[in-house]
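These are the residues of each chain, in order.
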Amino acid sequence: MAPYNGPQEPAAIVTLERYFLATDFIYGIGYGVQGVLYFICTRYLWNQRKIRRINMFMLAYITFLFLMSTIVEVAQAHRTQLVFIENRNSPGGPWGYFEASLGGTSNILGQTASVVLLLMSELFMVWRCWVVWYSVSRWAAYAVVIFPSLMLVGSVTASGLYFFSLMHPTSVIAGAHTANWSRSYYTLMLGTNIVVTALILTRLIAHRRAVRKSLTPKHAGEYTSLIAMLIESAAFYSLIGAGCLIATGVGSPVGQPFVSFAISTQQISGYLIIARLAHGEGWKKTTMSVPSKIVMRQVSRSGTLGDDGEDSGTASIYDRA
């Protein structure tokens with residue numbers, strides 16, 4: 001019988017180590033997808049920098065996000081090396097070293113970049129929510145973003161307390177409270193996006209129904225397609241975020257890979273929205289919401305004749321850019 005050469009730690013700890021390693025692998029895949037989308041968006045935004053003034057701002061924004069994602073990836077890779085290679089024989093095994101080094105430089109650097117990354121992405125989604133609701137009224141747009149904004153403030157506060165407890169482990173808010181601050185931060189951050197997604201989808205669905213009453217299904221789909229709605233609302237990220245909250249709430253170790261997956265999908269969702277904006281297909285605050293004011297584009301495309309027997313050639317005033 002071959003000798004046992006496996007880990008000496010309890011099975012529960014070994015499971016945590018496996019999920020920790022899976023987290024690094026998942027984020028690496030997500031980082032690669034982000035890199036591809038970043039260069040695609042950069043090309044679009046740069047080529048149209050003279051057409052829309054906001055394009056240069058968006059270019060600077062996604063460059064900053066990609067820089068933060070790179071820092072997170074590098075810090076995560078270095079931390080994995082420290083845990084599983086350089087300190088594999090630490091008391092308690094790799095997971096023992098992981099918990100003992102939460103205040104280490106690589107962890108603090110990666111966590112800080114992650115917080116900044118998530119915060120900037122959530123601010124972008126709150127702004128998109130404001131833009132989508134602006135077509136109702138300016139006050140409606142401000143009203144709907146109040147609650148998500150307050151959730152963001154709470155998330156930033158919880159993240160600050162989390163970092164303080166990591167760097168000052170002997171303080172009264174550290175110790176057993178450290179994990180609670182971390183859990184509160186992620187819960188509020190993920191919850192913010194779920195709320196924003198629900199608000200955006202509510203507005204888009206209402207708009208979809210209104211537009212379909214004025215346009216034929218063929219042309220209405222150009223403005224209200226299901227894919228466009230899912231991209232604009234970052235629904236995929238919210239779905240992953242909901243799974244993350246459930247896994248974390250029941251204390252499952254699957255929650256850790258879910259967090260990594262959620263961070264990646266959040267960035268991917270943002271890049272897809274910016275790609276739509278660069279193509280002139282994203283929702284603007286000037287997008288019309290009153291169907292009776294829509295001059296249908298199919299008139300000019302299909303050559304439909306007006307009442308006077310001439311080609312009306314009417315241009316659409318429906319601004320979808």
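Residues numbered from 1 in each chain as written. Predicted model: local features only at pLDDT ≥ 70, side-chain atom pairs only at ≥ 80, totals over all residues. Heavy atoms only, no water.

Caption draft 1: Examining the side chain of glutamine 266 more closely. Along the chain, glutamine 266 falls in helix H11 (residues 255–278). On the basis of relative accessibility, which here comes to 4%, the residue glutamine 266 falls in the buried class. Not counting chain neighbours up to four residues away, the residues in contact with glutamine 266 comprise Leu117, Leu118, Ser121, Glu122 and Tyr237. (Helix = DSSP H or I, 4+ residues; strand = E, 2+ residues; numbered from the N terminus. Buried < 20%, exposed > 50% of the residue type's maximum accessible area, 1.4 Å probe, protein only. Contact = heavy atoms within 4.5 Å.)

Caption draft 2: View of empty space enclosed by the protein. Per the stated rule, a full pass over the model turns up two cavities of 30 Å³ or more. Around the largest cavity, the lining is made up of 14 residues, and of these Ser121, Phe124, Gln266, Gln267 and Gly270 lie nearest the centre. Roughly 40 Å³ of volume is contained in the second largest cavity. Along the walls of the second largest cavity sit Leu118, Tyr186, Met189, Leu190, Tyr237, Val259, Ala262 and Ile263, which together make up its complete lining. A class-by-class count of the residues in the lining of the second largest cavity yields eight nonpolar, no polar and no charged. (1 Å grid on protein atoms, 1.4 Å probe; cavity = no way out; pocket = protein on both sides within 12 Å on 5 of 7 lines; lining within 4 Å. Points joined across faces, edges and corners; volume = space filled by probe spheres on them. Nonpolar A, V, L, I, M, F, W, Y, C, P; charged D, E, K, R; others polar.)

Caption draft 3: Looking closely at the packing of helix H2 (residues 54–86) against H11. Put simply, H2 and H11 touch, their axes get as near as 12 Å, and they point 160° apart. Here H2 is positioned roughly antiparallel relative to H11, judged by the angle of their axes. In the crossing of H2 with H11, the sense of the turn from one axis to the other is left-handed. Contacts between H2 and H11 pair Met58, Tyr61, Ile62, Leu65, Phe66 and Ser69 from the former with Gln267, Tyr271, Ile274 and Leu277 from the latter. Across the contact of H2 with H11, the residue classes break down as eight nonpolar, two polar and no charged. (Axes fitted to C-alpha atoms, helices over the stretch in contact; angles between N-to-C directions. Parallel < 35°, antiparallel > 145°, perpendicular 65-115°, else oblique. Left-handed = near helix turned anticlockwise from the far one by under 90°.)

Caption draft 4: Here's a closer look at the layout of surface pockets. For the largest pocket, the calculated volume is near 1100 Å³. Phe98, Gln111, Ser182, Tyr186 and Gln256 are, among the 38 residues lining the largest pocket, the residues nearest its centre. Sorting the residues of the lining of the largest pocket by element identifies helix H1 (11–47), H2, helix H3 (93–100), helix H4 (105–134), helix H7 (177–212), helix H10 (235–249) and H11 as the ones contributing at least two each. Here the residues of the lining of the largest pocket are counted per class, giving 19 nonpolar, 16 polar and three charged.

Caption draft 5: Summary view of the confidence of the model for the protein. Taken over all residues, the pLDDT of the protein has a mean of 76, while the share at 70 or more is 76%. Between the elements of the protein, mean pLDDT differs from a low of 44, seen in helix H12 (residues 298–302), to a high of 90, seen in H2. The low-confidence segment residues 288–321 (pLDDT under 50) makes 65 contacts with residues lying over four places distant or belonging to another chain. (pLDDT = per-residue confidence, 0-100.)

Caption draft 6: Spotlight on the packing of aromatic side chains. Taken as a whole, this structure holds 14 aromatic pairs when the rule is applied. Residues phenylalanine 39 and phenylalanine 66 carry aromatic rings whose centres are separated by 6.3 Å and whose planes lie at 65° to one another, so their mutual orientation is edge-to-face. In this pair, phenylalanine 39 sits in helix H1 while phenylalanine 66 sits in helix H2, placing the two residues 27 residues apart along the sequence. The exposure class of phenylalanine 66 is buried, given its relative accessible area of 15%. Centre to centre, the rings of tyrosine 61 and phenylalanine 124 are 5.5 Å apart; their planes meet at 25°, and the pair counts as stacked. Linking tyrosine 61 in helix H2 with phenylalanine 124 in helix H4, this pair joins segments that are 63 residues apart in sequence. In this structure phenylalanine 124 comes out as buried when scored by relative accessible area, which is 6%. Aromatic ring contacts, followed pair by pair, group Phe20, Phe84, Trp95 and Phe98 into a single cluster. Arginine 128 extends its terminal NZ or CZ atom over the ring of tryptophan 127, reaching a point 5.3 Å from the ring centre. (Phe/Tyr/Trp six-rings, centres within 6.5 Å; stacked < 30°, edge-to-face > 60°. Lys NZ or Arg CZ within 6 Å of the ring centre and 35° of its normal.)

Caption draft 7: Local environment of a nonpolar patch on the surface. Taken together, the side chains of Phe25, Ile29 and Val33 define a hydrophobic patch exposed on the protein surface, amounting to about 300 Å² of accessible area. Position of phenylalanine 25 relative to the elements: it lies in helix H1. Residue class for phenylalanine 25 comes out exposed when judged on its relative accessible area of 58%. (Patch = residues over 30% accessible without salt bridge, like charges linked within 9 Å, V, L, I, M, F, W, Y side chains within 5 Å. Areas by Shrake-Rupley, 256 points an atom, 1.4 Å probe, with all protein chains shown as cover. Salt bridge = Lys/Arg side-chain N within 4 Å of Asp/Glu carboxyl O.)

Caption draft 8: Highlighting the nonpolar core. Membership of the largest hydrophobic core comes to 57 residues, with the highest contact counts inside it found for Ile62, Cys129, Tyr271 and Ile274. Among the secondary structure elements, those contributing two or more residues to this core are H1, H2, H4, helix H5 (138–144), helix H6 (146–167), H7, H10 and H11. In terms of residues, this core owes the most to one element, H4, which gives 14 residues. Other than its neighbours up to four places away in sequence, cysteine 129 contacts Val144, Val145, Val196, Leu199 and Ile200. (Core = buried A, V, L, I, M, F, W, Y, C linked by side-chain atoms within 4.5 Å.)

Caption draft 9: How the structure looks around the side chain of threonine 192. Examined against the element boundaries, threonine 192 turns out to sit in helix H7. Those residues within four positions of threonine 192 in sequence are excluded, and the remaining contacts are Glu122, Pro148, Met151 and Leu152.

Caption draft 10: Local environment of H4. With 30 residues, H4 should cover 44 Å at 1.5 Å per step; its first-to-last C-alpha distance of 43 Å lies within 8% of that length. Most of H4 sits out of view: 22 of its 30 residues are buried. (Expected span 1.5 Å × (residues − 1).)

Caption draft 11: Quick peek at the packing of H2 against H3. Relative orientation of the contacting elements H2 and H3 amounts to 130°, with a least axis distance of 8 Å. Classified by the angle between their axes, H2 and H3 sit oblique to one another. Between H2 and H3, the contacting residues are Arg79, Leu82, Val83 and Phe84 on the first element and Pro94, Tyr97 and Phe98 on the second. Per-class residue counts for the contact of H2 with H3 are six nonpolar, no polar and one charged.

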